[in-house]
Amino acid sequence: MRRAMLFKSNKWWLIPAFLLAVALPFFVGAYRLQIFIFVITYSLLALAFQLTMRVGLPRFDVAAWWGVGAYTSGMLMLKANMSFWLTLPISVLVSVVLGFAVFSVSVRRGMMVFMMFGMVFALALQQVFGSVKFFGGWGGTPQLPPVTIGSYVLNDKMWIYYLGMALLIFNLGVYQLLYKSRIGRAWSAIGSGLRLASSLGVNVVGYRLANVLVGNAFLALAGSFSVVYQAMIIPTTYGFQQSIYVMMYVVIGGLGFAMAGPIVGALVLTLISESMRAAQQYQPIVTGVITVLIIMFAPWGLLGVLRSRVVSVLQRLLSSRAALPDIPSSLGSPASVTAEEPGKDA
Amino acid sequence: MALLETRGLSKSFGRLEAVKDLDLTVEQGELRGLIGPNGAGKSTVFNLITGFDVPTRGTVWFRGENITNVPAHKIAQKGISRAFQQSYLFMFSTVLENVLVGCHMSSRAGALREFLHTRSARMRDREARNKAMEILDFMGMAHLADEPASSLSHGYQRCLGVAMALACEPTLLLLDEPVTGMNPTESAEMVERIRRIREKGITVILVEHSMEVVMNVCERITVLSYGQKLAEGLPAEIQCNPLVVEAYLGKEEA
Amino acid sequence: MTLQLFLQILVNGLMIGAIYALVASGFTLILGVLQVFNFAQGQFYMLGAFATYAVASVLGAPYVVAILAALAAMALLGILVYFSIIKWTLRYGFFHTMLATVAFGTIVGQAAVLKFGYSTAVVAAVVDKTLALGGVSLNSGKLLVLAGALVVMGLLYWFMRTKIGVAMQACAENREVACLQGINAGKVFWVTMAVGCALCGVAGALVVPVLSASTNMGQLIFLKAIIVVLVGGTGSMAGALLAAFLVGIVESFAFQYVESFAPLVIFALVAILIYFRPGGLLGKPLPIPGQ
Ligand SMILES: Nc1ncnc2c1ncn2[C@@H]1O[C@H](COP(=O)(O)OP(=O)(O)OP(=O)(O)O)[C@@H](O)[C@H]1O
Ligand SMILES: [Mg+2]
């Protein structure tokens, strides 16, 4: 009975996962740790993508807002000699305010316009970063000053890793609080039935806007975080292709898994591409093929496969009624992500 | 002042005039029947009232206020809810969660409080849950609260649609064919519930194909045909109106 | 500004616009009929350009033959993509098909980089005489691209009025009703894929003699097609054609005056349009899922 209870809560794996994450720097060297720092950054990006998927809006401007965070922090440190920690709130503010200006145009026009407008914005923004002298041009900014805590220079990979972990856990905590609240309920409702939600009095545009801006805030934080371990900021890092990879992370991890999906996806894809370092030019092809295969044969992603395996094993073990609910997220079936009656938007 | 009034309401889809110059007046506390052959424009009228469609011409007035171009969620907030003709539910959430979305408007505690799950927010949430359970109980499906909506039988899915609309605490409830596809027992129960909803003081407009049901529960009936009002009056008057009989000829038992 | 310069920029804009029009109308067609957001659209354009290069420059065939070869190859590839990927993901809905095309586009893009590298491939100009018109000289190669694109648009117009074209329009308007009327949706779908991809292939073929082929041209034109579709209205063919020329001309003039800030000008144009005319230039967008 107790065992059944343990497995019934689908959070049991959190404890070993957390311990593993904390212990990681003691197993791997500095070079490997840098890879995991990338994984953290990509997880933050993928989480923001997953957040807006919750309200039925795929976004392809993830990398652009990530760049906004990085450039805000980097420029403030370079030009205004500001402390890194002070730039964090400013970069969140810039991302949210600029995001408000951009998205208040596009969110009310529905999913298609939101998506495409985001791409156009990302294109324009990258051009700005690349062409404006102030930002250092296509070659990147000058060497960034080091990030310090008091007089300690933060350049030990282990502490950077832990900083990233703290950011990730903070992100997950905020999402958890949001998802469990009335706000999260409204978001899920919008994602799985936009017209129905609006007929029940949910302000679709308002809640979508709030959702996208929360995502923007965390993207800016991820951008600022990337300043910690980068020598300089190069505009092409924040291009369209990166946004596409972010989308792949989410789908490979599992679209229905609000928290674990993006992280698992980012982890798996980054490790795969890292293990192919010798044949780097083949890496996008492998990623693409994996994504196609996942979409065709496991539309629920790796976690979806894992879960259905775990469920069937548990069912056999406990030989009682289904131990786990089928799908944890509001997204429901893949089809329901956009299964909307065609017609007028709210 | 009438509760709901439409003046010259019209809607065209391309060349098709789905609703044409409709003047409809519904008083507070009424249980109005809206009938008509398939494609007469009944659902379109509901869409126009609730802000899901923008009328080509004409206006909608609710409690003396023009709500013609008001967005759907604001109309819901003003007190008009609807149950859809298709079983349109949050299929992958549980029954209770579905109704909780219906409680969205009444469980507001402020964004920051909700985010931080403060005591007042948790209390609001508990209240909403209680209210949702009460409504489910009223609809006779409290025992299904934790089932996913997609696993419900057709009859219960229709009930859930009505439950969600009720959770909005409406002044005016629009029901689009609530008993379609139900077996006779379920249908009789639903009719009984519609009566009780009305006794609670909620004004109801009922679209229904089954003449038996409409004649039974409604005290006034409006007949639509090709988007136009054909007749309006007491059930008995409607039943022997030659125009109505003609419109329905070969279609219904009327 | 001299008349010479003005006309040169205008011709340039019209030429780019014509290319945008072909790619964007292919994109809109697939979006409207299949309700698939084809991220790989630009890659067909790129492949079309390289196919033309292969046939014309490497094999040495006449340019017209190369265009037809590019058209046929891209139509076939489109059909192949439909039957191998899209058909199997359609049932999962909009997001999954979109992602499938994203992945396919990434694969094709990188495969092209492996084959051709980052250098550019050029097809010898078909005509390189400058055309002198009353004291104004114009690049006749660009005019030829424009003429070719107009011919293709004429063919497309004719095609949309054939039986299968009408069926495609019916599917775009309302798939269920179309199926009820006895339209074979499966056939319409693969034909749409073929036509949509062939349009991109032709665009790529037309453009190689003037702008050389490079492996990153696909993603660039895809983003341009997105801009065009936003300006023209999602799902509207006529809107896309009109918007393509508008965007082409605006871009061409913006490039002359603000150079690398041209994307910002375009962004502002799109933002203003979406704000004031959500349905695009011509309004009346087709229903697309998930609005
Ligand atoms: N979005 C739309 N686009 C085009 N035509 C529509 C649309 N919605 C409804 N119609 C048409 O308008 C007419 C009225 O439709 P409506 O759904 O209001 O009829 P109804 O009275 O509810 O019929 P039923 O009894 O079958 O539910 C029909 O002919 C229908 O085909
Ligand atoms: Mg109806």
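Below is a short write-up of the structure. (Residues numbered from 1 in each chain as written. Chains lettered and ligands numbered in written order. Predicted model: local features only at pLDDT ≥ 70, side-chain atom pairs only at ≥ 80, totals over all residues. Heavy atoms only, no water.)

### A closer look at the interface of chain A and chain C
Then step 1. Each partner contributes residues to the interface: chain A has 50 residues there, and chain C has 47 residues.
Then step 2. Both faces considered, chain A and chain C share a buried interface measuring about 4,500 Å² in area, 82% of it formed by carbon and sulfur atoms.
Then step 3. For the pair chain A and chain C, the number of links is zero salt bridges.
Then step 4. Elements with a minimum of two residues in the side of chain A that touches chain C: helix 3 (30–53), helix 6 (111–131), helix 11 (240–253) and helix 13 (283–297) of chain A.
Then step 5. Element by element, the count of residues in the side of chain A that touches chain C is highest for helix 6 of chain A, at 14 residues.
Then step 6. Residue composition of the side of chain A that touches chain C, by class: 37 nonpolar, nine polar and four charged. (Contact = heavy atoms within 4.5 Å. Buried area = accessible area lost by both parts, 1.4 Å probe. Salt bridge = Lys/Arg side-chain N within 4 Å of Asp/Glu carboxyl O. Helix = DSSP H or I, 4+ residues; strand = E, 2+ residues; numbered from the N terminus. Nonpolar A, V, L, I, M, F, W, Y, C, P; charged D, E, K, R; others polar.)

### Some points on the nonpolar core
Then step 1. Ranked by size, the top nonpolar core spans 265 residues in total, and within it A:Met119, B:Leu160, C:Phe37 and C:Phe39 carry the most contacts.
Then step 2. A total of 16 residues in this core trace back to one element, the largest contributor, which is helix 6 of chain A.
Then step 3. Counting residues in hydrophobic clusters, the runner-up holds 24 residues, among them B:Val45, B:Ile80, B:Leu172 and B:Leu174. (Core = buried A, V, L, I, M, F, W, Y, C linked by side-chain atoms within 4.5 Å. Buried < 20%, exposed > 50% of the residue type's maximum accessible area, 1.4 Å probe, protein only.)

### Some points on the interface of chain B and chain A
In many analyses, interface size is given as the accessible surface area lost on bringing the parts together.
Then step 1. Facing the 31 residues of chain B at the interface are 29 residues of chain A.
Then step 2. Regarding the contact of chain B and chain A, the summed buried area is about 2,800 Å², with carbon and sulfur atoms giving 63% of it.
Then step 3. Remark: the boundary between chain B and chain A carries two salt bridges.
Then step 4. Note that A:Arg182 is salt-bridged to B:Glu114, the shortest N-O span being 2.9 Å.
Then step 5. In this assembly, chain B and chain A are joined by seven residue pairs in polar contact (both at pLDDT 80 or more).
Then step 6. Put simply, the parts of the chain that give the side of chain B that touches chain A at least two residues each are helix 2 (72–78), helix 3 (95–102), helix 4 (111–116), helix 5 (119–138) and helix 6 (154–167) of chain B. (Polar contact = N/O pair within 3.5 Å; in protein donor to acceptor, adjacent residues only side chain to side chain.)

### Let's talk about unusual backbone geometry
Then step 1. In this structure, B:Asp21 takes a positive phi of about 45 degrees despite not being glycine.
Then step 2. In this structure, B:Asp21 sits in strand 2 (residues 16–26).
Then step 3. Positive phi outside glycine occurs at C:Gln35, with the angle close to 55 degrees.
Then step 4. For C:Gln35, the position within the fold is in the loop between helix 1 (3–34) and helix 2 (41–58).

### Comments concerning the sheet that holds strand 4 (residues 57–62) of chain B
Hydrogen bonds between backbone groups are what pair the strands of a sheet, and the pairing can be parallel or antiparallel.
Residue and element names in this part refer to chain B.
Then step 1. Spatial ordering of the open sheet is given by 2-1-4-5, a layout of four strands whose pairing is antiparallel. The outermost strands of the open sheet, each flanked by one partner alone, are strand 2 and strand 5 (65–66).
Then step 2. Pairing analysis gives seven bridges linking strand 1 (residues 4–13) to strand 2, with the strands arranged antiparallel. Following the sheet pairing, Leu 9 is matched in strand 2 by Leu 22. (Pairing = 2+ DSSP bridges.)

### Observations regarding the site of ligand 1
All names here are of chain B.
Then step 1. Neighbouring ligand 1 are 13 residues; Lys 42, Ser 43, Thr 44, Gln 85 and His 209 lie closest to it.
Then step 2. Interatomic distance of 2.9 Å between a side-chain N/O atom of Asn 38 and an oxygen atom of ligand 1.
Then step 3. His 209 is positioned such that a nitrogen or oxygen atom in its side chain is 2.7 Å from an oxygen atom of ligand 1.
Then step 4. Against a free-state accessible area of 630 Å², the protein chains account for coverage of 61% of ligand 1.
Then step 5. Counted by class, the shell around ligand 1 contains four nonpolar, seven polar and two charged residues. (Near = heavy atom within 4 Å. Areas by Shrake-Rupley, 256 points an atom, 1.4 Å probe, with all protein chains shown as cover.)

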